[in-house]
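Residues per chain, in single letters:
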Amino acid sequence: HEIEEARSKDELTESTKRHIAALDQDILYAVRSSGVKEDSADQSWAGIFHTELDVSHQAIEKAIWKCIRAAFEGVSAAAYAKSHATSFGGFAIIIQEMVDAECAGVTFTRNPVGSDGHMVIEAVAGNADKLVSGLAEPYRCYVSQSGELISEECTGVSLASKQVAELFRIAVEIRAHLGGEQDI
C-alpha cells in the first residue's frame, strides 16, 4: 500500500520516512525489493526484483526509489508478470543491516537441475550477490536427503563438513515448516 502511494505522489510516505530516520546512521544496509509471489511453487522470480548493497543511512531513500523503479521499468517485475500472464501480487521494500560475510550462498532443498533428489549447497567468498548474479563460480556440494555428503566441487571457498551438516539441518527444518522444497 505505501509503495503504491509513494509512486503516485513520487514521494515516500511519512511512515516510511520515520522508519528510515529511526535506523542506525553508523552502519550499512541492504535495501531490497521482494514480491509476494517471488518464489512460489508455480514459478521463480529469482533475479527479477532489485537489491542495493552497502547502502549508507543517507542513501537509503535513493536505494528505495531504485528498487521501486526497477519493479516497473525495463526488464522488470511488471514486464515479467505480463509475459507470464500473471501479476507480481505487490511487493515490499526490505531494509536489512549488512553482514560482513566470510562466505555466503544458496541452499536448494532439492537439486533444481537434476533428478537425483539431492540437496545442493552453493557458496562463494563474501556476499552472495556474486553467486546469484552468476559472476562467481561457487563451491558446490551435493547432499543426500539423509544428510550424507555425496560430492563437492571446490572453487576458492569451501565449507567444513560441520558447516554442511548445519546447513542441511536448517534446510530440512525450513522445508518441513514451509511444506515444500525451497531455495534458501
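Rules used in this analysis
Residues numbered from 1 in each chain as written. Predicted model: local features only at pLDDT ≥ 70, side-chain atom pairs only at ≥ 80, totals over all residues. Heavy atoms only, no water. Pairing = 2+ DSSP bridges. Helix = DSSP H or I, 4+ residues; strand = E, 2+ residues; numbered from the N terminus. Axes fitted to C-alpha atoms, helices over the stretch in contact; angles between N-to-C directions. Contact = heavy atoms within 4.5 Å. Salt bridge = Lys/Arg side-chain N within 4 Å of Asp/Glu carboxyl O. Buried < 20%, exposed > 50% of the residue type's maximum accessible area, 1.4 Å probe, protein only. Disulfide = S-S within 2.5 Å. Polar contact = N/O pair within 3.5 Å; in protein donor to acceptor, adjacent residues only side chain to side chain.

(A) Expanded view of the sheet that holds strand 3 (residues 91-97). Ordered by their spatial adjacency, three strands build an open sheet running 2-1-3, and the pairing between neighbours is antiparallel. Edge strands, defined here as strands with exactly one partner in the open sheet, are strand 2 (51-55) and strand 3. Sheet twist, expressed as the average angle between the axes of neighbouring strands with direction ignored, equals 20°. Along the sheet, helix 3 (residues 60-72) contacts strand 1 (29-35), strand 2 and strand 3; its crossing angle with strand 3, the most-contacted strand, is approximately 145°.

(B) The pattern of salt bridges, seen in detail. Overall, the coordinates contain eight salt bridges when judged by the stated rule. The residue arginine 169 makes a salt bridge to glutamate 173 at a minimum N-O spacing of 2.4 Å. One end of the pair is arginine 169 and the other is glutamate 173, both in helix 6 (residues 161-178) and four residues apart, which spans about a single turn. For glutamate 173, a relative accessible area of 46% corresponds to the partly exposed category. When salt bridges that share partners are traced, they join Arg110, Arg175 and Glu181 into one network.

(C) Fine view of the sheet that holds strand 7 (residues 149-153). Ordered by their spatial adjacency, four strands build an open sheet running 4-5-6-7, and the pairing between neighbours is antiparallel. Looking at the sheet topology across the chains shown, the edges are occupied by strand 4 (103-108) and strand 7. Averaged over all adjacent pairs, the angle separating strand axes in this sheet is 15°, with direction ignored. Summarising the sheet, strand 5 (residues 119-125) and strand 6 (residues 139-143) pair through five bridges and their orientation is antiparallel. Paired with glutamate 122 across the two strands is arginine 140, which belongs to strand 6. Across the sheet, helix 6 touches strand 4, strand 5 and strand 6, and the angle it forms with strand 5 is around 125°.

(D) Representation of unusual backbone geometry. Although it is not a glycine, aspartate 54 sits at a positive phi angle of roughly 55°. Judged by its relative accessible area of 46%, aspartate 54 is partly exposed.

(E) Layout of the state of the cysteines. Enumeration according to the criterion identifies zero disulfides in this entry. With no disulfide partner, cysteine 154 has as its closest neighbouring cysteine sulfur the one in cysteine 141, 8.9 Å distant.

(F) Examining the environment of aspartate 116 more closely. Looking at the secondary structure, you find aspartate 116 in the loop between strand 4 and strand 5. Exposure remark for aspartate 116: the relative accessible area of 39% places this residue in the partly exposed category. Each C-alpha atom of the pair aspartate 116 and glutamine 145 lies 9.9 Å from the other, and the pair is 29 residues apart in sequence. Here the side chain of aspartate 116 touches asparagine 111 through a polar contact of 3.4 Å, side chain to side chain. A distance of 2.9 Å separates the side chain of aspartate 116 from the backbone nitrogen of histidine 118, its partner in a polar contact.

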